[in-house]
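Examining the three-dimensional arrangement
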2 protein chains.
Amino acid sequence: MLSGGLDSATTLALARHQGYVCYALTCMYGQRHEVEVESARRVAQALDAKMHREIAIDLSLFGGSALTDPDISVPKDRSEETLSTDIPVTYVPARNTVFLSLALAWAEALGAFDLFIGVNAMDYSGYPDCRKAFIQSFEQTANLATAAGVAGQRRFRIHTPIIAMTKSQIIQQGVQLGLDYGLTHSCYDPDDQGRSCGHCDSCLLRLKGFEEVGLVDPVPYQGR
Amino acid sequence: MLSGGLDSATTLALARHQGYVCYALTCMYGQRHEVEVESARRVAQALDAKMHREIAIDLSLFGGSALTDPDISVPKDRSEETLSTDIPVTYVPARNTVFLSLALAWAEALGAFDLFIGVNAMDYSGYPDCRKAFIQSFEQTANLATAAGVAGQRRFRIHTPIIAMTKSQIIQQGVQLGLDYGLTHSCYDPDDQGRSCGHCDSCLLRLKGFEEVGLVDPVPYQGR
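This write-up is about the structure you can find in this document. For every chain, the first residue of the written sequence is number 1, and numbering continues from 1 along that sequence. By the order in which they are written, chains take letters starting at A while ligands take numbers starting at 1. Selection of residues for local features in this predicted model requires a pLDDT of at least 70, selection of side-chain atom pairs for listing and counting requires 80 or more, and totals for whole chains, interfaces and linings are taken over all residues.

Before going further, it helps to spend a moment on the overall build of chain A. Scanning chain A from N- to C-terminus turns up 8 helices and 4 strands. For the purposes of this entry, the term helix denotes a DSSP run of H or I that reaches at least four residues, the term strand denotes a run of E that reaches at least two, and both are numbered from the N terminus. Going from N to C terminus, chain A has its helices and strands arranged as α-β-α-β-α-α-β-α-α-β-α-α. Expected size for 224 residues packed as a compact globule is a radius of gyration near 17 Å; at 17 Å, chain A falls within 12% of this value. Structurally, chain A occupies a C-alpha span of about 55 × 40 × 30 Å along its principal axes. With C-beta atoms placed from the backbone, a residue counts as buried when 20 or more other C-beta atoms lie within 10 Å of its own, as exposed when 12 or fewer do, and as partly exposed for counts between those limits. Here chain A, with 224 residues, has 52% of them falling under the buried criterion. Long-range pairs, those at least 24 residues apart, make up 70% of the contacts in chain A with a sequence separation of at least 6. When we talk radius of gyration, it's over C-alpha atoms, and the globule rule is simply 2.2 Å times the number of residues to the 0.38. Here, residues touch in the contact sense if the C-beta positions derived from the backbone fall within 7 Å of one another.

The next thing to look at is the nonpolar core. When buried Ala, Val, Leu, Ile, Met, Phe, Trp, Tyr and Cys residues are joined through C-beta atoms within 7 Å, the set is termed a nonpolar core. Residues A:A103, A:L104, B:A103 and B:L104 are the most contacted members of the largest nonpolar core, which totals 128 residues. In this structure, B:A103 is in contact with B:M1, B:L25 and B:L115, ignoring residues within four places of it in sequence.

Quick look at the packing of helix α5 (residues 132-145) of chain A against helix α5 (residues 132-145) of chain B now. For the pair α5(A) and α5(B), interaxial distance at closest approach is 9 Å and the crossing angle is 160 degrees. Between α5(A) and α5(B), the angle falls in the class roughly antiparallel. As for how α5(A) packs across α5(B), the hand of that crossing is left-handed. Facing α5(A), whose interface residues are A:A133, A:F134, A:S137, A:F138, A:Q140, A:T141, A:L144 and A:A145, α5(B) presents B:A133, B:F134, B:S137, B:F138, B:Q140, B:T141, B:L144 and B:A145. Residue composition of the contact of α5(A) with α5(B), grouped by class: 10 nonpolar, 6 polar and no charged. In this analysis, axes come from line fits to C-alpha atoms, helices being fitted only over the stretch in contact, and the angle between any two N-to-C directions falls in the range 0 to 180 degrees. Note that the term roughly parallel is reserved for angles under 35 degrees, roughly antiparallel for angles over 145, roughly perpendicular for angles of 65 to 115, and oblique for everything else. Here a crossing is taken to be left-handed if its near helix is turned anticlockwise relative to the far helix by less than a right angle, and right-handed if that turn runs clockwise. Residue classes follow a fixed rule: Ala, Val, Leu, Ile, Met, Phe, Trp, Tyr, Cys and Pro count as nonpolar, while Asp, Glu, Lys and Arg count as charged, and any other residue, Gly among them, counts as polar.

With that settled, consider the relation of the copies chain B and chain A. When chain B is fitted onto chain A, the two copies agree to an RMSD of 0.0 Å after a turn of 180 degrees and an axial shift of 0.0 Å. Between the two chains, the operation in question is that of a two-fold axis. Relative to the rotation axis, the closest C-alpha in chain B is found at B:I57, a distance of 2.7 Å. Take the interface residues of chain B: 97% of them recur as interface residues in chain A, which is what a same-surface contact looks like. Superposition of the copies was done by least squares, using only C-alpha atoms of residues whose pLDDT is at least 70 in both.

Residue and element names in this part refer to chain A. With respect to the element layout, G214 can be found in the segment after α8 (201-213). Judged by local crowding, G214 falls into the exposed class, with 7 C-beta atoms found within 10 Å. It is 9.5 Å that separates the C-alpha atoms of G214 and S168, two residues lying 46 residues apart in sequence.

In short, geometric facts, not functional conclusions.
Structure follows, in structure tokens:
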């Protein structure tokens, strides 16, 4: 799964580094920061993905999240403590379950068994679908859900290489692999030129990560 | 989940009979028999669904099934034995995982916890995602995947009221509840007037079911 963000781009770089032939899947789910899809295209190309598919599914039909409902504001400048404990309004109901289902559908059609997703349990400890318990349960479900899984010759595996890393560790890893983070996009609430706001949870965590590794984030921010 | 077919229509009738306020969700996934969506609308209205949402997600992007790839033919006139053992080419990779993920997303946004799906393990014993083992595993995953599930005050439940019924038992049940099967559509390969072919797996099972209960299937068939 490749959103075009920092985490999924690093995950793709790691999968490739481990020798996998990579098929990147990006979901346009009605997110207000759909500009990230352009980043996904750039990252897929830069990292030589064998194929890149974009699939549209309008989760804004269901609502319930600041990322898909324009009437709910994206929180700004939250404290570090709040960031790491609350489930924020940017949580999208069942999003990673939907994403992994789609990845599973494509994987089975391709004859692939290894799914990579850039979930992270450190920064977003409040997101239930970023935790190991969820991932393990989905992996089990995947092997019961599919003809390929039930055949039993190979098992589907959900790889989450950055699940236990801090943002700065993720960035260090990506830099080491030669990933250009200027291609990525993380902001939940960019302006119409695609510039990051610098104040949403995603920007705060990203900026802090770059600061900790002593690098300047190469993406453009509003008012800088 | 309401496809507009016989099984999901009966499942909706049963859910309503059990006193649930029903929100119907229909998925346009690039199926060649998209005419079933019109049936879903008719059924949702006839059974007083509180809301009916249609969500588009083009699984034909991934291919791998006769239902989503026009270059793969729908099998016709297969023997009863083959029907009940093989995984046919009409199997859509991970389809019910995708459907249940979407239902879960909407349920969580609504504050609902009871999901109904008309899977059936009798007629389609070859479909892995129609079996109890899959449903139980998905239910567990759902409760780990979501903020509402993790909060733990209520658990998501996946209801499969017709999973162990034969087609004739399903029809008897629906008739008993006053369901008009003339509103439904089952054929995988209808003509451009929406008439059923009478020869695909879905038609064969449906026709056999009506025959066993001594009723005439009210939907139009080609050449009759």
